[in-house]
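Letter by letter, the chains look like this.
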Amino acid sequence: MFISFEGIDGSGKSTQARMLAETLRARGFDVVLTREPGGSPGAEEIRRLVLEGDPDRWSARTEILLFTAARRDHLERVIEPALAAGKVVICDRFADSTRMYQGLSRGDLRTLVDQLHSLMIGREPDLTILIDIDPAVGLARAKGRQGSEERFEDFGLGLQEKMRAGFLELAREFAPRFTVIDGARATETIAQDVLETALAKL
Ligand code: ADP
Ligand code: TYD
């Protein structure tokens, strides 16, 4: 069972992914909690290339290749072996993030993202939980964090609005695997919805 969490920066994905992993472990599931970009040593090296330093040193197309290269390494070395061993894999972001961030933010490159995905990845999660939130709330939450990563949250509100709408559109496009959950509530309330959704699939 492969579960991904998606949503704009600050939506609460990482918090919910961690809570779901803990709850499922407590119920006896063997869980691998991982994230993108990154999740394997090689992919974490690529994470530093794409999230730190001058973002303009990569063209939009090169950036798609870098995120996809990171995903290929993560898939081969972490995700596929864990799934083959019967584990539950919970991934904080996956290919839908590339469809949105690289596919929408620097021109319309969605077709290219999808082509590269089918060529090099060719796999979707069994369940994708979209934590939906007003970008103003997400941005306020995300700004509370410190770090050296050039996050895409620096895009500003306009682009985050576009990302939110894009994720909701993606949820309609891939309706069978998506569940949209309202992220503008108390952490525990959201976690309860997330758990029910995951258990229903499991
Ligand atoms: P993401 O991974 O989507 O960027 P995080 O889980 O890192 O989001 O959450 C961003 C910030 O908001 C963190 O400081 C986190 O503690 C806080 N946070 C997460 N969920 C909630 C919530 N439901 N209500 C209020 N604050 C939250
Ligand atoms: P993440 O660590 O999940 O950041 P946050 O907790 O703020 O949501 O992801 C880091 C950034 O990488 C985030 O701004 C989204 C971006 N990203 C892409 O642009 N493309 C991708 O394929 C992925 C997985 C992430």
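Residues numbered from 1 in each chain as written. Chains lettered and ligands numbered in written order. Predicted model: local features only at pLDDT ≥ 70, side-chain atom pairs only at ≥ 80, totals over all residues. Heavy atoms only, no water.

A.B. asks: Whenever I open this one, the overall build of the protein confuses me. Can you help?
C.D. replies: The helix and strand inventory of the protein stands at 8 helices and 5 strands. When the helices and strands of the protein are placed in sequence order, the string is β-α-β-α-α-β-α-α-β-α-α-β-α. Projected onto its principal axes, the C-alpha positions of the protein cover 45 × 35 × 35 Å. Buried positions account for 49% of the 202 residues belonging to the protein. (Helix = DSSP H or I, 4+ residues; strand = E, 2+ residues; numbered from the N terminus. Buried < 20%, exposed > 50% of the residue type's maximum accessible area, 1.4 Å probe, protein only.)

A.B. asks: Teacher, can you tell me more about the sheet that holds strand 1 (residues 2-6) here?
C.D. replies: Within a sheet, adjacent strands bond to each other through the backbone by hydrogen bonds, running parallel or antiparallel. Across the sheet, which stays open at both edges, the 5 strands sit in the order 2-3-1-4-5 with parallel pairing between neighbours. Edge positions in the sheet fall to strand 2 (31-35) and strand 5 (178-182), since each has one partner strand and no second. Each strand axis lies, on average, 20 degrees off the axis of its neighbour in the sheet, ignoring direction. Two elements, strand 2 and strand 3 (residues 88-92), share 5 bridges in a ladder whose sense is parallel. Bridge pairing links Val32 to Val89 in strand 3. (Pairing = 2+ DSSP bridges. Axes fitted to C-alpha atoms, helices over the stretch in contact; angles between N-to-C directions.)

A.B. asks: It is not clear to me how a nonpolar patch on the surface should be interpreted in this structure. Could you clarify?
C.D. replies: A cluster of nonpolar side chains, contributed by Phe29, Leu199 and Leu202, occupies part of the molecular surface with about 210 Å² of accessible area. Considering the arrangement of structural elements, one finds Phe29 in the loop between helix 1 (13-26) and strand 2. (Patch = residues over 30% accessible without salt bridge, like charges linked within 9 Å, V, L, I, M, F, W, Y side chains within 5 Å. Areas by Shrake-Rupley, 256 points an atom, 1.4 Å probe, with all protein chains shown as cover. Salt bridge = Lys/Arg side-chain N within 4 Å of Asp/Glu carboxyl O.)

A.B. asks: How should I be thinking about the packing of aromatic side chains in this particular structure?
C.D. replies: Given two aromatic rings, their pairing is described by the distance between the two centres and the angle made by the two planes. Within this structure, the stated rule accounts for 2 aromatic pairs. Ring plane angle 80 degrees and centroid distance 4.9 Å describe the contact between Phe2 and Phe94, whose orientation is recorded as edge-to-face. Here Phe2 is found in strand 1, whereas its partner Phe94 is found in the loop between strand 3 and helix 4 (95-104), with 92 residues between them in sequence. Accessibility classification places Phe2 together with Phe94 in one group, the buried group. Look at Tyr101 and Phe167: their rings are 6.3 Å apart centre to centre, the planes differ by 65 degrees, and that puts the pair in the edge-to-face class. You can see Tyr101 sitting in helix 4 and its partner Phe167 sitting in helix 7 (residues 157-173), a full 66 residues away along the chain. Taking the relative accessible area as the measure of exposure, Tyr101 reaches 4% and is therefore buried. On the basis of relative accessible area, Phe167 is assigned to the buried category, the value being 1%. Seen from the ring of Phe94, Arg71 lies directly overhead, with NZ or CZ sitting 5.2 Å from the centre. Taking NZ or CZ as reference, Arg177 lies 4.5 Å from the ring centre of Phe174, over its face. (Phe/Tyr/Trp six-rings, centres within 6.5 Å; stacked < 30°, edge-to-face > 60°. Lys NZ or Arg CZ within 6 Å of the ring centre and 35° of its normal.)

A.B. asks: Please explain the nonpolar core as it appears in this structure.
C.D. replies: As a rule of thumb, soluble globular proteins bury nonpolar side chains together. Membership of the largest hydrophobic core comes to 17 residues, with the highest contact counts inside it found for Ile3, Phe5, Leu20, Ile90, Ile129 and Val194. At the level of elements, strand 1, helix 1, strand 3, strand 4 (127-132) and helix 8 (187-201) are the ones that each hand at least two residues to this core. When sequence neighbours within four positions are dropped, the list of residues in contact with Val194 reads Phe5, Gln16, Leu20, Ile129, Ile131 and Ile181. With 12 residues, the next largest nonpolar core counts Tyr101, Ile133, Ala171 and Phe174 among its residues. (Core = buried A, V, L, I, M, F, W, Y, C linked by side-chain atoms within 4.5 Å. Contact = heavy atoms within 4.5 Å.)

A.B. asks: Even after reading the chapter, I still don't get the site of ligand 1, so can you show me in this structure?
C.D. replies: Around ligand 1 sit 14 residues, and of these Gly10, Lys13, Ser14, Thr15 and Arg185 come closest. The side chain of Thr15 places a nitrogen or oxygen atom 2.5 Å from an oxygen atom of ligand 1. In the environment of ligand 1, a nitrogen atom lies 2.8 Å from a nitrogen or oxygen atom belonging to the backbone of Arg185. Notes on ligand 1: free accessible area 560 Å², of which the protein chains cover 71%. (Near = heavy atom within 4 Å. Polar contact = N/O pair within 3.5 Å; in protein donor to acceptor, adjacent residues only side chain to side chain.)

A.B. asks: Whenever I open this one, the pattern of salt bridges confuses me. Can you help?
C.D. replies: Where side chains of opposite charge bring their charged atoms close, a pairing between them can arise. Applying the stated rule across the entire model yields 17 salt bridges. A salt bridge links Arg72 to Glu76; the shortest N-O distance between them is 2.7 Å. Here Arg72 and its partner Glu76 are both found in helix 3 (residues 60-84), 4 residues apart, which amounts to about one turn of the helix. Here Glu124 and Arg99 are joined by a salt bridge, their closest N and O atoms 2.7 Å apart. Residue Glu124 is located in the loop between helix 5 (110-120) and strand 4, and its partner Arg99 is located in helix 4; the two are separated by 25 residues in the primary sequence.

What is shown is where atoms sit, not what they do.
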